[in-house]
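What the coordinates show
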Amino acid sequence: MKKIYMTLVAVMFAVCANAQIYVGGNVGVASVDNGNDSETIYSFLPEVGYKFNDTWAAGVMLGWSKGSLQNVDGNLGYSGLQQTFEINPYARFTFVKSKLINIFCDGGIGYKHYNGVGDEYSVGLKPGIELKLSKFSLLAHVGFLGYQKADADNGGEMSVAGFDFDSNNITFGVLYNF
């Protein structure tokens, strides 16, 4: 029995010694002036992942947000004070690697709950680029290719399939690589 425990401990040390764990995420804050009032909208999306090798990684992003800016009929509008919770597990495939820049694609599923409004589900691909700065990395995701479905609490639903590569669908983040 001692040999089994010692073997497990040795395996755990070997895995931890070669661990390629990263943590980080996205944070956003904006002030929206809607006439006489101004509201603050925010998003906090921490991320944790594990790099299996230089090509493959897996992770999960989860977080909270309040309000959002939307493009409705060509006009930028404010969606209100909706608070959300979301979780997005993904697998990352890096297909262009260099010493300074990686180009990758995240394939994943997502769930977002809008308090008092409904839920949104998604499955698809998000291309991105990583700028490596020693232990820190700057990331940007641009666009989405896949399927999204929203179910409202009042019984309404909507689904969208396709790609969205416009300038309103860009996210920036920071990662710390252990």
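Structure report, in brief. (Residues numbered from 1 in each chain as written. Predicted model: local features only at pLDDT ≥ 70, side-chain atom pairs only at ≥ 80, totals over all residues. Heavy atoms only, no water.)

Section: a nonpolar patch on the surface
Nonpolar side chains collect at one region of the surface, where Leu100, Ile101, Ile129, Leu131, Leu133, Phe136, Leu138 and Val174 lie side by side and expose about 630 Å² of accessible area between them. Counting only elements with at least two residues in the nonpolar patch, the list comes to strand 8 (118–133) and strand 9 (136–142). Among the elements that line the nonpolar patch, the one with the most residues is strand 8, at three residues. Secondary-structure assignment places Phe136 in strand 9. (Patch = residues over 30% accessible without salt bridge, like charges linked within 9 Å, V, L, I, M, F, W, Y side chains within 5 Å. Areas by Shrake-Rupley, 256 points an atom, 1.4 Å probe, with all protein chains shown as cover. Salt bridge = Lys/Arg side-chain N within 4 Å of Asp/Glu carboxyl O. Helix = DSSP H or I, 4+ residues; strand = E, 2+ residues; numbered from the N terminus.)

A short note on the nonpolar core
Listed in full, the six residues of the largest apolar core are Tyr22, Ala57, Tyr90, Phe104, Leu139 and Leu175. In this view, Leu175 contacts Tyr22, Val23, Gly24, Gly25, Glu47, Arg92, Lys135, Phe136, Ser137 and Leu139; residues no more than four positions away in its chain are not counted. (Core = buried A, V, L, I, M, F, W, Y, C linked by side-chain atoms within 4.5 Å. Buried < 20%, exposed > 50% of the residue type's maximum accessible area, 1.4 Å probe, protein only. Contact = heavy atoms within 4.5 Å.)

A word on unusual backbone geometry
Located in the positive-phi region is Ser134, a residue other than glycine, with phi close to 50°. Inspection of the secondary structure assignment puts Ser134 in the loop between strand 8 and strand 9. The exposure class of Ser134 is exposed, given its relative accessible area of 72%.

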